[in-house]
Amino acid sequence: TWPCPVVYLVVPGQEGRRLLGRPDVFCAEQYLKVHAPPFLFEAFLWAPIDEARSTARLENGSVFFTLRKKEAALWDSLLAPEVDKEKMQRIREDAVLRAHEKAKEETDAKAVRKQERSKCALEATMKLEEAERKRIDQLKEKERQKATEEIEQWKEQNEKQKKLQERVPLQLIKKKQEENEPRSSSRGAARTASATQRAGSAGNMFSDKLEEESVPAPRCAGTIQLRFTPRVFPTALRESRVEEEEEWLQKQAEARRAINIDLAELGDLSEEEKNPDWLKDKGNQLFATGNYLSAVSAYNLAIRINNKIPALYLNRATCHLRLRNLHKAIEDSSKALELLTPPVPDNANARMKAHIRRGTAFCELELYA
């Protein structure tokens with residue numbers, strides 16, 4: 001008999017051995033199960049227990065149950081007496097159904113809590129955004145008021161300057177009028193003197209002819225030949241960068257030589273097959289179908305046409321990894337890393353792929369250091 005409100009139960013392995021692996025423990029009001037293949041333990045309890053407060057602990061390969069009774073009553077035994085197969089099946093189904101309902105309730109409650117937390121987070125974010133918006137509006141309003149005040153001050157200064165400028169001309173006019181009054185009598189004499197000067201100048205005709213004869217004759221027309229330094233670029237030599245232009249021309253010459261290499265062998269290819277981008281796409285299609293040797297051939301031809309494309313070496317390294325050509329995979333990955341210089345954010349993904357494929361080849365060769 002168990003007068004205590006707590007029942008302690010230990011489920012060891014069969015014949016004292018520990019349970020193999022991590023057992024599946026299930027506890028309901030009147031049903032216990034411990035399943036650790038190939039062993040199975042089931043117990044149909046004498047009375048219901050409080051499954052919320054009951055616990056199960058796995059220690060040293062055994063399961064230790066701490067079962068708390070719903071009612072502090074005496075148990076004549078641990079197991080319920082005279083339990084037939086139908087009752088066992090019904091207790092199992094009720095326990096599983098109750099466990100499913102409880103799990104669903106917990107899941108729903110968890111979803112509700114998550115939704116409430118998301119709602120609270122959204123409200124907090126909206127409050128922060130509203131506070132930030134108000135702060136920005138206040139700053140804008142302060143700047144607008146400041147700009148308005150500056151404009152008003154500027155207008156006032158302009159008005160003051162205009163008034164000063166209007167006053168100055170009036171004063172000057174008054175002064176001129178005062179100065180011109182005593183001199184009005186002398187203007188008649190000045191007019192007569194100027195008339196006599198005009199008459200004397202009109203009568204001197206020989207001096208005008210001499211001035212006309214002293215003007216030189218117009219120059220003869222001619223042509224001037226200009227020679228310009230031959231230039232590949234449209235800009236003038238004084239505006240160009242000679243070192244960068246020479247480097248660009250050298251690269252262009254290398255590219256043309258790479259395209260025209262083995263012209264006799266590539267002469268039977270179509271224009272489409274001479275395009276390295278088309279060959280790369282063709283190699284990718286062959287790789288997707290598992291035809292690694294044909295993909296390597298496509299990448300080889302593309303590299304012969306243009307050996308400055310890092311993606312060709314990366315894709316060929318992947319094919320060599322699938323074909324277990326590990327040393328060639330290392331060479332192609334290293335060549336791709338040489339072309340992917342300098343390291344910039346735009347080629348970070350390609351450099352990562354090159355390091356991964358080269359590292360994979362080293363690991364397969366067991367070259368860890």
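Look above for the structure.
Residues numbered from 1 in each chain as written. Predicted model: local features only at pLDDT ≥ 70, side-chain atom pairs only at ≥ 80, totals over all residues. Heavy atoms only, no water.

Asks: Please clarify how the overall build of the chain should be interpreted in this entry.
Replies: Looking only at helices and strands, one finds 10 helices and six strands in the chain. Relative to its full complement of 369 residues, the chain shows a buried share of 20%. A fraction of 54% describes how many contacts in the chain between residues 6 or more apart in sequence connect residues 24 or more apart. When the accessible surface of the chain is split by element, carbon and sulfur atoms take 53% of a total near 29200 Å². (Helix = DSSP H or I, 4+ residues; strand = E, 2+ residues; numbered from the N terminus. Buried < 20%, exposed > 50% of the residue type's maximum accessible area, 1.4 Å probe, protein only. Contact = heavy atoms within 4.5 Å. Areas by Shrake-Rupley, 256 points an atom, 1.4 Å probe, with all protein chains shown as cover.)

Asks: Help me understand helix α6 (residues 276-288) in this model?
Replies: Given a rise of 1.5 Å per residue, 13 residues ought to cover 18 Å, and the 18 Å separating the end C-alpha atoms of α6 matches this to within 8%. Of all the positions in α6, only Pro276, Leu279, Lys280 and Gly283 are classed as buried. Down the axis of α6, the buried side of the element spans an arc of 100°, and every buried residue falls inside it. Looking at the buried residues of α6, the elements they touch are α7 (292-305) and α8 (310-322). Near the N-terminus of α6, the side chain that reaches the backbone nitrogen of aspartate 277, with its oxygen 3.2 Å away, is that of asparagine 275. Just past α6, the residue glycine 290 takes up positive phi, approximately 90°. (Expected span 1.5 Å × (residues − 1). Arc of directions from axis to C-beta. Polar contact = N/O pair within 3.5 Å; in protein donor to acceptor, adjacent residues only side chain to side chain.)

Asks: Could you clarify how one ought to interpret the nonpolar core in this entry?
Replies: The tendency in soluble globular proteins is for nonpolar side chains to be buried as a group. Leu279, Tyr299, Leu312 and Cys319 are the most contacted members of the largest nonpolar core, which totals 16 residues. Of all the secondary structure elements, the ones that give two or more residues to this core are α7, α8 and α9 (326-339). When residues in this core are grouped by element, the largest group, seven residues, is from α7. Excluding its chain neighbours within four sequence positions, the residues that come into contact with leucine 312 are Pro276, Lys280, Tyr299, Ala302, Ile303 and Asn306. Leu32, Ala43, Ile49 and Leu67 belong to the second-largest nonpolar core, a separate cluster that totals 12 residues. (Core = buried A, V, L, I, M, F, W, Y, C linked by side-chain atoms within 4.5 Å.)

Asks: Honestly, the sheet that holds strand β3 (residues 31-36) in this entry has me stumped. Any pointers?
Replies: In any sheet, the strands associate via hydrogen bonds between backbone groups, in a parallel or an antiparallel arrangement. The strand order across the open sheet built from three strands is β2-β3-β4, with neighbouring strands paired in antiparallel fashion. A single partner strand is all that each edge strand has here, and the edge strands are β2 (24-27) and β4 (39-44). Here the strands of the sheet are splayed against their neighbours by 5° on average, with no regard to which way each runs. Here β2 runs beside β3; their pairing, made up of four bridges, is antiparallel. The partner of aspartate 24 across the bridge, within β3, is histidine 35. (Pairing = 2+ DSSP bridges. Axes fitted to C-alpha atoms, helices over the stretch in contact; angles between N-to-C directions.)

Asks: Is there a simple way to explain the packing of α8 against α9 in this structure?
Replies: Describing two packed helices takes the angle between their axes plus the distance from one axis to the other. Packing of α8 against α9 leaves a shortest axis separation of 8 Å and a crossing angle of 160°. When the axes of α8 and α9 are compared, the pair comes out roughly antiparallel. The way α8 lies across α9 gives a crossing that is left-handed. Contacts from Pro310, Tyr313, Leu314, Arg316, Ala317, His320 and Leu321 of α8 reach α9 at Leu326, Lys328, Ala329, Asp332, Ser333, Lys335, Ala336 and Leu339. Looking at side-chain class alone, the contact of α8 with α9 contains nine nonpolar, two polar and four charged residues. (Parallel < 35°, antiparallel > 145°, perpendicular 65-115°, else oblique. Left-handed = near helix turned anticlockwise from the far one by under 90°. Nonpolar A, V, L, I, M, F, W, Y, C, P; charged D, E, K, R; others polar.)

Asks: Teacher, can you tell me more about a nonpolar patch on the surface here?
Replies: Judged by side-chain polarity, Ile224, Leu226 and Phe228 come together as a nonpolar surface patch covering roughly 450 Å² of accessible area. Locating isoleucine 224 in the fold gives a position in the loop between α3 (205-213) and α4 (242-260). (Patch = residues over 30% accessible without salt bridge, like charges linked within 9 Å, V, L, I, M, F, W, Y side chains within 5 Å. Salt bridge = Lys/Arg side-chain N within 4 Å of Asp/Glu carboxyl O.)

Asks: I keep staring at a negative patch on the surface and nothing clicks. Help me out?
Replies: A cluster of acidic side chains, namely Glu101, Glu105, Glu106 and Asp108, defines a negative patch on the protein surface. Inspection of the secondary structure assignment puts glutamate 101 in helix α1 (residues 85-180). Exposure remark for glutamate 101: the relative accessible area of 44% places this residue in the partly exposed category. (Lys, Arg positive; Asp, Glu negative; His and termini not counted. Charge placed at Lys NZ, Arg CZ, Asp CG, Glu CD.)

Asks: Just to check I follow, could you spell out a positive patch on the surface for this structure?
Replies: On the surface, Lys110, Arg113, Lys114 and Arg117 cluster together into a patch of positive charge. In this structure, arginine 113 sits in helix α1. Among the residues examined, arginine 113 registers a relative accessible area of 43% and is labelled partly exposed.

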